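# Geometric and topological summary
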Amino acid sequence: MVLGRRVAGLSRRVARELALAGHLTVDGQRAAPSHRVRAGERLQLDAPAAHVGPVEGPELLATTDAIVYVLKPAGLHTHRLRPGDPPALADWVAERFAECAAAGLDLREGGAVHRLDRGTSGVVAFARTRATFLAAREAFAAARVGKHYMAVTTCLFDHVWPPPAGPWLSLSGASVEVGAPLGRGFGRDRVAVRRTGQPARTRVAPESPPGPRRMWSLELLTGRRHQARVHLAWLGLPILGDELYGGEPAERLYLHALRLDLSAAISGEQPITAPLPLEFAAALG
């Protein structure tokens, strides 16, 4: 709709969602997002307040001239998906670093240069300037960002590591690189390994001895949706708490974004580490 093209910081998607929720009026009358604007009409789009009160839980990891690094707890969205959603990590950042809110292309994102799934904990980076935001987003798209994760998975009693080499598997000692392409799965929220999918590469290595549960180090060489979760499940190692992909039920998703390195995109940046939650080691038993 026209407001999504003319108002800085307001995307077409957000403008449409607000209009569908009844927040758009034309000359004082409620209007649909499909309304054709005529010369002289007065449009008003009332956005609900982002949130009331501070967001609880996040921890500031580091700040530089370019980036604010924050520890996202499991169970909290990186940013609101719809205008009326509960507070998210981006709201907490924007409340303390107002420049981040203006750095991105969508006000809801608070300058977030990437996103973690709601169930995933770990380091998230927020740009402080528009130039940083664009450079970081470009680096993510070009796979020039270092992304290291930790995960706890369930293992079948006869599970063998490393697995045999195959078309989408290459071995280097105990480390395995998974190159299985990813595409749309069955169901709206699912991703699946598909021969016709997008290229996806994950390096996997064990970080604990064999057992019914095991901890793994993951390096995401690309950045596809649900990449770590689907690649591990494809290896027969569903993440603890990831019931969507066959994981054992748990109080949280045992996937943690341990370290983020934006130095290839932003001059002077150093790798930032988010401490591993204590429950990861405890989950091994």
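Let me sum up the structure you'll find in this document. (Residues numbered from 1 in each chain as written. Predicted model: local features only at pLDDT ≥ 70, side-chain atom pairs only at ≥ 80, totals over all residues. Heavy atoms only, no water.)

## A short note on the packing of aromatic side chains
- Enumeration over the complete set of coordinates arrives at 3 aromatic pairs.
- Relative to Trp234, the ring of Trp168 lies with its centre 6.0 Å away and its plane at 50°, an arrangement referred to as tilted. Of the two residues, Trp168 sits in the loop between strand 7 (146–154) and strand 8 (169–172) while Trp234 sits in helix 6 (residues 227–234), which places them 66 residues apart along the sequence.
- Lying across the ring of Phe186, Arg194 places its NZ or CZ 5.2 Å from the centre.
- One cation-aromatic arrangement involves Arg252 over Tyr254; the distance from NZ or CZ to the ring centre is 5.7 Å. (Phe/Tyr/Trp six-rings, centres within 6.5 Å; stacked < 30°, edge-to-face > 60°. Helix = DSSP H or I, 4+ residues; strand = E, 2+ residues; numbered from the N terminus. Lys NZ or Arg CZ within 6 Å of the ring centre and 35° of its normal.)

## Some thoughts on the nonpolar core
- The biggest cluster of nonpolar side chains holds 41 residues, and the ones touching the most others in it are Phe126, Val204, Leu218, Leu232, Leu235 and Leu255.
- Residue assignment for this core shows that the elements contributing at least two residues are strand 5 (67–72), helix 3 (89–96), strand 6 (121–127), strand 7, strand 9 (175–178), strand 13 (213–220), helix 6 and strand 14 (255–261).
- Val204 has contacts with Trp161, Ala174, Ser175, Val176, Val178, Trp216, Ser217, Leu218, Leu232 and Leu235, leaving out every residue within four places of it along the chain.
- Formed by 19 residues, the second largest nonpolar core is a distinct cluster that contains Leu71, Val123, Ala125 and Ala127. (Core = buried A, V, L, I, M, F, W, Y, C linked by side-chain atoms within 4.5 Å. Buried < 20%, exposed > 50% of the residue type's maximum accessible area, 1.4 Å probe, protein only. Contact = heavy atoms within 4.5 Å.)

## Overview of helix 5 (residues 130–141)
- Here helix 5 spans 17 Å end to end across 12 residues, near enough to the 16 Å set by a 1.5 Å rise per residue.
- Thr132, Phe133, Ala136, Ala139 and Phe140 are the residues of helix 5 that are buried. Buried residues along helix 5 cover an arc of 135° about the axis, so they all sit on one side. Along helix 5, exposed side chains directed more than 90 degrees from the buried face belong to Ala131, Glu138 and Ala141. (Expected span 1.5 Å × (residues − 1). Arc of directions from axis to C-beta.)

## Describing unusual backbone geometry
- Cis rather than trans, the peptide bond between Trp161 and Pro162 has omega equal to -5°.
- Locating Pro162 in the fold gives a position in the loop between strand 7 and strand 8.
- We note that Ala143 has phi near 60°; this positive angle belongs to a residue other than glycine.
- Tracing the backbone shows Ala143 in the loop between helix 5 and strand 7.
- Exposure remark for Ala143: the relative accessible area of 40% places this residue in the partly exposed category.
- At His226, a residue that is not glycine, the phi angle is positive and equals roughly 60°.

## Topic: the pattern of salt bridges
- In total, this model carries 12 salt bridges according to the counting rule given.
- The partner of Arg229 in a salt bridge is Asp242, and the shortest N-O contact between them spans 2.7 Å. Of the two residues, Arg229 is situated in helix 6 and Asp242 in the loop between helix 6 and strand 14; the sequence distance between them amounts to 13 residues.
- Since its relative accessible area comes to 2%, Asp242 is described here as buried. (Salt bridge = Lys/Arg side-chain N within 4 Å of Asp/Glu carboxyl O.)

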